[in-house]
Amino acid sequence: MYHFLVNSAVSYEATMLLPTVETMTSVLYFGLFAMSFDFISGYTGYLSFGHAAFYGTGAYTVILIANGAVPLFGSGTPFMASLLVAGLLAVVLAVLVGLVSFRLSGVYFAMITLGFAQVVYVFVRGWDYVATNPRDGPSVGSAHSAGFEIGVPGVDQLNLAIGILTGDEVSLLGQTLGSTAVSYYMVGLVVLVCYFAMQRILHSPFGQVMLAIRENEERAVAIGYDTYRYKLAAFAISGFFAGVAGGLFAGFRRSASPENAFYFLTTGDALLASIIGGFGTLAGPLFGRLFDETIREFLSTSGQGGGLLPYLRALLGEETLGTPVVGDMTFGGLIDTLLNGHAALYVGLVFVLFVLYVPDGLLGTIRQRAGGKLAVVSANAFGDPSPDPPSDDAGGDEQ
Amino acid sequence: MILEALADFLTLSELGSVFVEGLAKSALYVMIASGLTLIFGLMGVLNFAHGSLTMVGAYLGGLVMVLTVTQATGTVGRLALFFVAIVAVFGALTLLGGAIETQVIRPLYDRPPIYQILLTFGLTLVIDEIVRIVLGIYGMQPLSDWNAALATKPQFLRQPAALGPIDVRWLAVFEILLGLLTVALIWGFLTRTRYGLYIRAGSEDAEMASALGIDVRRVFTVVFALGVGLAGAAGTLLMWDVSWGASVPLAAETLLPAFIVVIVGGLGTFRGTVAASLVVGMTDSVMTWWFQNYVTFTGLPELVLFLVLVVTLIVRPQGLFGVEGVGGH
């Protein structure tokens, strides 16, 4: 599809609009992180503002294992195993944080999780165990030059390496997939499995209790559920997938920094994706992130993805661009200033508009418009027995 | 080693200067956080944009100072124009705050409170990027501190002062006085004016206050505007302190301590905010001293501040002066 569009008559417009495969990979792993954030915040209503702590733990664990810095796990540990370890460490952290945090609710919960995450962030930024320069964060050393492999550990044929330059290339049906494309599919595979796992949990009785907590926690307590345990378990599960997402991120990028793994604005990005995609729809955050990244890519200066700026430059021609507008600034300079690297402004504006006018997000709104049909169809597709489809309840059992 | 450090710490001159520095930090924290606490106390809106608005205030204040204060030569003239800058920025940001409240926050009152957090979080992104673009247009580096505004500081504020055996900076003394002035002004506003009465009544029980004939909507607008104005004024005050200055990351640098202060004090209580500023400022100052002299861990003061937040929330979730149940959403 991508190749078709890029090689078609509207190729220039297509390269301008469509994100690159590399971007799509980051959409996948960050989308998984946003989904894990939505899993706890969208479904139980507890805004976990420190979720980046789990993402960062996952990312750092994978890199440190690869560098042989973690006891018990040598640098030869298969990537899938270190991914699992990353997720489990994140679970441990989530349980520790959750044990005290879930005594609080609302703003206080958001603040205590933020507090914990910032403690971890500041600590990691100054801890010289993780990297020689902890402020820049660790990266996979030269001892581990091959890409990380995703697949079935122990079976070489079922493993494919990921990474921008280090991954495998695959020839399939006469088409050659580059290392980035292979990474895209392999990361996508893990994300898909995680998505199904979370979906399954949400459709189980356990997930129904999570919804009950969101809708009316007092009533859930009155019915007899120990909501504290349910919240803690949901938090741990969410932490696990956040850790896996962080591990995928580190596995693909081969480096991480405190800023892009542990900082509270990383949680903020997940929040953006969740709101734009639809808070409380599990797949929503993935679409939200896709939307986000598309805007960012669209407004970036260069890259194979094209973007608006090179397009405008080529379209308008030198003369128009040279016209002075404000002071010494030419028109070209002005659009450069307005568009180059300021995608956060437009993402922020879109976010504010969504909060104000589309509170259900992209996916949530579509589901509402479709009268809950989408939700029921997907529920059946995932083998979830729903004897009487909720026809009157918009959003159905996926809310 | 620890005993030696402790003995060193407990000498009169060290303890005294740490104390004065702590007071100066407390003064800055109370100025940064009081707007946030006013807004939360009445409206229950945790304003994530507070840091960004402080940052806007810093740049605006710096601009006014560069334009006016450099004209004055004498110390008195410079100080007077500095206060003019604060008033100007306060006025400008009050208008901005009023606009934000009426245009974007008002439609959200009938939604779950989470949406107000989300909205103000979105505002920070927008404000930060607009500031970056404006800085880009005027060719100022987005990250570097703005030194032109720092240079408007009068000469005597650059010098150390000696209070008996204690070495302090005149700037610290100046900041403490400003902090006291801010606290006195807000206290007077809350207890002596009609709007202060509305605010106190509204934060006790907004529904009852509106039933008694107070136009709560308008009070909300006024309080949000004033809170934003205070954020801006605080930003201006930071411009003469080398450790702050104006930069886009200032938004996060001020937002996080402000959160710590209002939560440790108890969300929405001004008394608590003042007390918590003292606690946080002193902790910061003591930890900075330990870091500078004995501990090599770079993030020590910051780390301990967040630990103060976490421990407070565990031990006393409602904060030092908070009332359980108020603002519990």
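This one's a predicted model, so the numbers in the text were calculated from it and none came from an experiment.

> Would you mind going over the overall build of chain A with me for this structure?
Broken down by element type, chain A carries 18 helices and six strands. The proportion of buried residues among the 399 residues of chain A is 55%. The long-range fraction of contacts in chain A, counting pairs at least 24 apart against all pairs at least 6 apart in sequence, stands at 68%. As displayed, chain A has an accessible area near 16,900 Å², and 63% of this comes from carbon and sulfur atoms.

> How should I be thinking about the packing of aromatic side chains in this particular structure?
The description of an aromatic ring pair rests on the distance of the ring centres and on the angle between the ring planes. Within this structure, the stated rule accounts for 36 aromatic pairs over all chains. For the ring pair Tyr121(A) and Tyr263(A), a centre distance of 4.8 Å and an interplane angle of 40° mean the geometry is tilted. Here the residue Tyr121(A) occupies a position in helix H6 (residues 106–126), and Tyr263(A) occupies one in the loop between helix H11 (258–261) and helix H12 (264–277), the gap between them amounting to 142 residues. No difference in accessibility class separates Tyr121(A) from Tyr263(A), as the two residues are buried. Seen in terms of ring centroids, Phe82(B) and Phe83(B) are 5.7 Å apart; in terms of plane orientation they differ by 75°. Their pairing is edge-to-face. The exposure class assigned to Phe82(B) is buried, which follows from its relative accessible area of 0%. Here Phe83(B) falls in the partly exposed class, since its relative accessible area comes to 35%. Taken together through their ring pairs, the aromatic side chains of Tyr29(A), Phe30(A), Phe33(A), Tyr55(A), Phe249(A) and Phe252(A) make up a single cluster. Here the basic side chain of Arg289(A) rests over the ring of Phe30(A), its NZ or CZ set 3.9 Å away from the ring centre. One cation-aromatic arrangement involves Arg111(B) over Tyr115(B); the distance from NZ or CZ to the ring centre is 5.0 Å.

> So what exactly am I meant to see when it comes to the pairing of strand E1 (residues 160–163) of chain B here?
Within a regular strand, side chains alternate between the sheet's two faces. All names here are of chain B. Bridge count for E1 against strand E2 (residues 166–169) is four bridges, and the pairing is antiparallel. Looking across to E2, one finds that Pro 160 is bridged to Arg 169. Taking the residues between adjacent antiparallel strands as the criterion, E1 and E2 are bridged by two residues, where Gly 164 takes a positive phi near 65°.

> What is the right way to look at empty space enclosed by the protein in this model?
The rolling of a water-molecule-sized probe over the atoms marks out the regions of remaining empty space. Residues and elements named next belong to chain B. Counted by the stated rule, this structure contains one cavity of 30 Å³ or more. If you add up the space inside the largest cavity, you get close to 40 Å³. Lining the largest cavity are Leu 28, Met 31, Phe 82, Leu 171, Phe 174, Glu 175, Leu 178, Leu 237 and Trp 240. Residue assignment for the lining of the largest cavity shows that the elements contributing at least two residues are helix H2 (12–43) and helix H7 (170–192). The greatest single-element share of the lining of the largest cavity, amounting to four residues, is contributed by H7. Along the lines of polarity and charge, the residues of the lining of the largest cavity split into eight nonpolar, no polar and one charged.

> Whenever I open this one, the UniProt feature "transmembrane region" (unreviewed entry) in chain A confuses me. Can you help?
Residue and element names in this part refer to chain A. Here, UniProt's "transmembrane region" (unreviewed entry) annotation points to residues 53–73, 79–100, 107–124, 181–198, 232–250, 270–291 and 338–358. Between the C-alpha atoms that bound residues 107–124 there is a distance of 25 Å. The span itself is 100% helix and 0% strand. Counting secondary structure, residues 181–198 comes out at 100% helix and 0% strand; the distance between its end C-alpha atoms is 25 Å.

> Even after reading the chapter, I still don't get the packing of helix H3 (residues 50–68) of chain B against helix H10 (residues 216–238) of chain B, so can you show me in this structure?
The geometry of a pair of packed helices is captured by two quantities: the angle between their axes and the separation between those axes. All names here are of chain B. Relative orientation of the contacting elements H3 and H10 amounts to 55°, with a least axis distance of 6 Å. Classified by the interaxial angle, the pair formed by H3 and H10 is oblique. The two elements H3 and H10 cross, and the hand of that crossing is right-handed. Residue-level inspection shows His 50, Leu 53, Thr 54, Gly 57, Ala 58, Gly 61 and Met 65 of H3 in contact with H10, the latter providing Gly 227, Val 228, Ala 231, Gly 232, Ala 234, Gly 235, Thr 236 and Leu 238. Of the residues that constitute the contact of H3 with H10, the class distribution is seven nonpolar, eight polar and no charged.

> Which parts of the structure should I look at to understand the pattern of salt bridges?
All names here are of chain A. The tally for this structure, following the rule as stated, stands at nine salt bridges over all chains. Between Glu 293 and Arg 289 there is a salt bridge, with its nearest N and O atoms 2.9 Å apart. Taken together, the residues span about one helical turn, with Glu 293 and Arg 289 both in helix H13 (residues 284–298) at a distance of four residues. Exposure class is identical for Glu 293 and Arg 289. Each is buried.

> How do you make sense of a nonpolar patch on the surface when you look at a structure like this?
Nonpolar side chains collect at one region of the surface, where Leu3(B), Leu6(B), Leu10(B) and Leu15(B) lie side by side and expose about 390 Å² of accessible area between them. Take Leu3(B): it is sitting in helix H1 (residues 2–9).

> Teacher, can you tell me more about the interface of chain B and chain A here?
Size of an interface: often given as the accessible area lost when the parts come together. Counting residues at the interface gives 44 residues for chain B, matched by 44 residues for chain A. Around 3,900 Å² of area is buried between chain B and chain A when both sides are counted, 83% of it from carbon and sulfur atoms. Of all residues in chain B, Leu118(B), Phe121(B) and Ile133(B) give up the largest surface area on contact with chain A, accounting jointly for 15% of the area buried on that side. The tally of links between chain B and chain A comes to one salt bridge. A salt bridge links Arg125(A) to Glu302(B), with the nearest nitrogen and oxygen atoms 3.0 Å apart. Inspection of the region where chain B meets chain A yields four residue pairs in polar contact (both at pLDDT 80 or more). For the side of chain B that touches chain A, the elements supplying multiple residues, two or more each, are helix H5 (114–137), helix H11 (250–265) and helix H13 (300–315) of chain B. With 16 residues, the single largest contributor to the side of chain B that touches chain A is H5(B).

> What exactly am I supposed to notice about the UniProt feature "transmembrane region" (unreviewed entry) in chain B here?
All names here are of chain B. Feature annotation in UniProt assigns "transmembrane region" (unreviewed entry) to the following positions: residues 27–49, 56–73, 79–102, 114–138, 170–190, 219–240, 260–282 and 294–315. The distance from the first to the last C-alpha atom of residues 219–240 is 33 Å, and the span holds 91% helix and 0% strand. Regarding residues 260–282, the helix share stands at 83% and the strand share at 0%, and the terminal C-alpha atoms are separated by 13 Å.

Calculation rules
Residues numbered from 1 in each chain as written. Chains lettered and ligands numbered in written order. Predicted model: local features only at pLDDT ≥ 70, side-chain atom pairs only at ≥ 80, totals over all residues. Heavy atoms only, no water. Helix = DSSP H or I, 4+ residues; strand = E, 2+ residues; numbered from the N terminus. Buried < 20%, exposed > 50% of the residue type's maximum accessible area, 1.4 Å probe, protein only. Contact = heavy atoms within 4.5 Å. Areas by Shrake-Rupley, 256 points an atom, 1.4 Å probe, with all protein chains shown as cover. Phe/Tyr/Trp six-rings, centres within 6.5 Å; stacked < 30°, edge-to-face > 60°. Lys NZ or Arg CZ within 6 Å of the ring centre and 35° of its normal. Pairing = 2+ DSSP bridges. 1 Å grid on protein atoms, 1.4 Å probe; cavity = no way out; pocket = protein on both sides within 12 Å on 5 of 7 lines; lining within 4 Å. Points joined across faces, edges and corners; volume = space filled by probe spheres on them. Nonpolar A, V, L, I, M, F, W, Y, C, P; charged D, E, K, R; others polar. UniProt positions renumbered as here; feature names shortened; annotations may be inferred. Axes fitted to C-alpha atoms, helices over the stretch in contact; angles between N-to-C directions. Parallel < 35°, antiparallel > 145°, perpendicular 65-115°, else oblique. Left-handed = near helix turned anticlockwise from the far one by under 90°. Salt bridge = Lys/Arg side-chain N within 4 Å of Asp/Glu carboxyl O. Patch = residues over 30% accessible without salt bridge, like charges linked within 9 Å, V, L, I, M, F, W, Y side chains within 5 Å. Buried area = accessible area lost by both parts, 1.4 Å probe. Polar contact = N/O pair within 3.5 Å; in protein donor to acceptor, adjacent residues only side chain to side chain.

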